[in-house]
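Descriptive structure summary
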Amino acid sequence: MDPQQTSTPPQSEPSLPATVEPDVVATPSGGQRWPEWIRGYWDLRSLAIVILAALLAGLWIDTRSQLRDVQRDLARKLADADTANRESRQLSVQARDAQHDLEYRLAAMESKIAESQNQRVALEGLYLELNRSRDERVLAEVEQMLIIGSQQLTLAGNVKSALIALEAADSRLQRSDGAQFTAVRRAVRRDIERLKSTPFVDVVGMSLRLDNLAHEVDGFTLAMFERPVESKPVTVVSNEGAVRRFAREAWQDVQSLMRIQRVDRDELPLIAPSQAFFLRENLRLRLMSARIALLAHEQDSFKADTRESIAWMQRYFNGKDHQVSQALASLKQLSDADVNIDVPDIAGSLEEVRNAKLLRERGLR
């Protein structure tokens, strides 16, 4: 029941006097009415409660609406986050696969790098070995050339051949272009200059000429087989008569029966056929002995053998024969040559090469 409504007083109660306070009401329980200010206060409180309830209802509705919006936003964001999470997982899987691939490639690259380093070390070793082998080969070749040149100088006195050997050795050192061969090349160039300043004697050419003369001995004509020179035939005249032609031919026959020739020798050496063989062999031995003396640079023996050969040819062989006359001229020219020359050696170059080889062997050890 509304507190503002008043109950009807009972009929048995007397009317209140006019002096009674209007704001006094009895309470519901006691039958007394509430004062007006209490009833007004109660009305305000009810109104406040209603307004508060309305506000709370509006606030609740608004809160529910905001909550639904928040839930929708949260659901959308969760869906986006889930999508992003799935994409992240995919990216993570891809990154992991890429990492595994990179790790595999890195391992393969490291293996290749290690292999290449091993190959580089092996190649450096091979290069050093080849370099050492190349230097040793160059020194061996130069030493062989110098040995040949030294043999030519020592055994044959052939300055030209020795000079060729030294120039070949210098050219080989120049092609190698190695600073370690500077001392060897300097020694070789020094020996080359020494050989160039030596007087040239064509020992090989002289030796070949003596050898050819020794082979031509069998074709020399002996002096005992020398015959007068055949006279030139008389020119026959085409219109010559029979009597003149007969007389001329008869005179030619008479002239051919006897020939007179001047001989400048006191006596013509007569040699038996069996002795002619030994004469030719002795002359050949003389020529060979002269050749050996030439190669040994023994000038006295060389001149003695050549002069003895010239004397034998002038005495026992026909000097008017063309082959014999050419052989005599060649022997006289050879006999006048000076073969006793001071041939320098190339021991300095050989010693320098051998020292270089010895130093390399000690360095390798």
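Along each chain, residues carry numbers from 1 onward, in the same order as the chain's sequence is written. In view of the model being predicted, local features appear only for residues whose pLDDT reaches at least 70, and side-chain atom pairs are presented and counted only at 80 or more, with totals across whole chains, interfaces and linings using the full set of residues. As a rule here, side-chain values cover all heavy atoms of the structure and leave hydrogens and water aside.

**What to know about the environment of Gln144**
A run of DSSP states H or I qualifies as a helix once it reaches four residues; a run of E qualifies as a strand once it reaches two. Both are numbered from the N-terminal end. Topologically, Gln144 is positioned in helix H1 (residues 36-156). Residues Gln144 and Ala165, 21 residues apart in the sequence, show an inter-C-alpha distance of 9.3 Å.

**A word on the packing of helix H2 (residues 159-176) against helix H3 (residues 182-196)**
Axes here mean lines fitted to C-alpha atoms, for a helix over just the part in contact, with angles spanning 0 to 180 degrees between N-to-C directions. One way to put it is that H2 packs onto H3 with a least axis distance of 10 Å and a crossing angle of 155°. The orientation of H2 relative to H3 falls into the category roughly antiparallel. Taken as a pair, H2 and H3 cross one another with a handedness that is left-handed. Along its contact with H2, which presents Val159, Ala162, Leu163, Leu166, Glu167, Asp170, Leu173 and Gln174, the element H3 presents Val184, Arg185, Val188, Arg189, Asp191, Ile192, Leu195 and Lys196. The nonpolar class holds Ala, Val, Leu, Ile, Met, Phe, Trp, Tyr, Cys and Pro. Asp, Glu, Lys and Arg form the charged class, and all remaining residues, Gly among them, are polar. Its residues placed into classes, the contact of H2 with H3 shows nine nonpolar, one polar and six charged. Small angles under 35 degrees read as roughly parallel and large ones over 145 as roughly antiparallel, with 65 to 115 read as roughly perpendicular and the rest as oblique. In this scheme, a crossing is called left-handed if the near helix is turned counterclockwise away from the far one by less than a right angle; it is called right-handed if the turn is clockwise. Contacts were defined at the residue level, with two residues in contact if any of their heavy atoms lie within 4.5 Å.

**Brief notes about the packing of helix H4 (residues 203-216) against helix H8 (residues 322-336)**
Helix-helix packing is described using two parameters, namely the angle between the two axes and the distance between the axes. Packing of H4 against H8 brings their axes to within 11 Å, and their N-to-C directions diverge by 150°. If you check the angle between H4 and H8, you find them roughly antiparallel. The interaxial crossing formed by H4 with H8 has left-handed handedness. Across the interface between the two elements, Met206, Arg209, Leu210, Leu213 and Glu216 of H4 pack against Gln323, Ala327, Ser330, Leu331, Gln333 and Leu334 of H8.

**Quick notes on H8**
Three or four residues apart is the spacing at which side chains of an α-helix point the same way, because the helix has 3.6 residues per turn. In a helix, the anticipated span is given by 1.5 Å times the number of residues less one. In a regular helix each residue adds 1.5 Å, so 15 residues correspond to 21 Å; H8 covers 22 Å between its end C-alpha atoms and thus fits that length. Throughout, exposure labels follow a simple rule: accessible area from a 1.4 Å probe, protein chains only, divided by the maximum for the residue type, with under 20% read as buried, over 50% as exposed, and the rest as partly exposed. For H8, the set of buried residues is Val324, Ala327, Leu328, Ser330, Leu331, Leu334 and Ser335. Buried residues of H8 fall within an arc of 170° about the axis and therefore sit on the same side. For H8, exposure combined with an orientation more than 90 degrees from the buried face picks out His322, Gln333 and Asp336. Distance and chemistry together define a polar contact, namely a pair of N or O atoms within 3.5 Å, with one atom able to donate a hydrogen and the other to accept it when in protein, and with adjacent residues in sequence counting only for side-chain atoms on both sides. Capping the start of H8 is the job of one residue whose side-chain oxygen sits 3.2 Å from the backbone nitrogen of Gln323: Asp321. In this description, one arc is meant: the one made by directions from the helix axis to the C-beta atoms.

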